[in-house]
Amino acid sequence: MAHRDPRKPTAPVASKSYRSSLWFNILLMTGVAILLYFFIFSSLSFITQHGAEVNVPSVTGRPLNTALDVLQKAGFDIEIDSSYEAGRKPLEILMQQPLPGSVVKQNRTIYLTVNKAEPPAAQMPNLVNLSFRSATLILKSHRLVLGDTIFRPDIAAGAVLEQLYNGRPVAAGTSLPQGSRITLVVGDGLGETEFNVPDVIGMTFNEGRALMMGNGLNFVPVFEGSISDSGNAIIYNQVPSPFNEGGAPNRKRQGDYVDLFIKTDPTQEEMESNRRPKPAVLYEDSYGTPSSTPGAAPSRPKAVLPDSARP
């Protein structure tokens, strides 16, 4: 049986070796941490490109191709979105982020908003009989633009009488490009001054219409017979006629209505007879009261389309 020599204690030696190893590891880890600290912070400026900052050039309002060339040469990445603004050129830069003059790192992404090459569609609203102010607000909400405003004598003062696109009436629901200019015809009230009724008998419908509108009069066209070209058809009668039964000029105020009767080939005698109507023949009704001949003063008819325009 072996006996341990009491002069050679083993436990204290093991304890000393353990303590030496622990402190060595601690010192080693501390040294590594210090080295990593200095290495990271010394290379941080290189990693983040500290000091490599540039000003963002202004490309707003420029064509897309020009903007891309400028930004790419400056070392920026680019992302593009699109929108539409009426009155701006196709593919024009509407907005950029970051803003021009901002100081940013190299290789920063610049976000561009570009005007669309083709305007999206918008539906024409119904503005007739609305107030002028309401009509302009509705136009804006539909991304349409107010063009000219034409005032026409009419009892509906301040109300929209017609809506026009490219000089022609445009129906509600019609698809138009956003930014289209819409002309509004607005009532201006009735004038108080009376003037002679224009004589349009013998004129083409286009000529008579222009004269009526130039005098501030409204008109109702009534087309009779087969008409292939309504604009060049002849006005052979009007109510009221240019002259009354006594031969004096008939009078009207701005905004009043005149009925125009139109056909292709009226005779000269027919037109001259309508220009100067004969006096009405009076008769006595069953009660002995004088009255004009029935049918001598026709009431205003409704507008009648020519055959070529009927559905």
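Model, not experiment: these values are computed from the prediction.

**Q** With reference to specific residues and values, describe the side chain of Asp256.
**A** Along the polypeptide, Asp256 turns up in the loop between strand E15 (251–253) and strand E16 (257–263). The side chain of Asp256 sits in the buried core without any salt bridge; Arg253 is the nearest counter-charge, 4.5 Å away. Look past the residues within four positions of Asp256 in its chain and what remains in contact with it is Leu190, Leu217 and Asn218.

**Q** So what's going on with helix H4 (residues 205–214)? Which residues, and what values?
**A** Along an α-helix, a turn takes 3.6 residues, which lines up residues three or four apart on a common side. Phe205, Gly208 and Met212 are the residues of H4 that are buried. In a view along the axis of H4, the buried residues occupy a sector of 70°, so they form one face of it. Close packing links the buried residues of H4 with strand E13 (218–223), strand E14 (234–239) and E16. At the C-terminal side of H4, Gly216 shows a positive phi close to 75°.

**Q** Would you mind going over unusual backbone geometry in detail, with residue names and values included?
**A** Residue Pro98 follows Gln97 across a cis peptide bond; omega there is -5°. Checked against the element boundaries, Pro98 lands in the loop between strand E3 (93–97) and strand E4 (103–105). With an omega dihedral of 0°, the bond running from Val239 to Pro240 counts as a cis peptide bond. Following the sequence through the fold, Pro240 ends up in the loop between E14 and E15. Even without being a glycine, Leu91 presents a positive backbone phi close to 60°. With respect to the element layout, Leu91 can be found in the loop between strand E2 (77–83) and E3. Look at Leu91 and you get partly exposed, because its relative accessible area is 41%.

How each quantity is defined
Residues numbered from 1 in each chain as written. Predicted model: local features only at pLDDT ≥ 70, side-chain atom pairs only at ≥ 80, totals over all residues. Heavy atoms only, no water. Helix = DSSP H or I, 4+ residues; strand = E, 2+ residues; numbered from the N terminus. Buried < 20%, exposed > 50% of the residue type's maximum accessible area, 1.4 Å probe, protein only. Lys, Arg positive; Asp, Glu negative; His and termini not counted. Salt bridge = Lys/Arg side-chain N within 4 Å of Asp/Glu carboxyl O. Contact = heavy atoms within 4.5 Å. Arc of directions from axis to C-beta.

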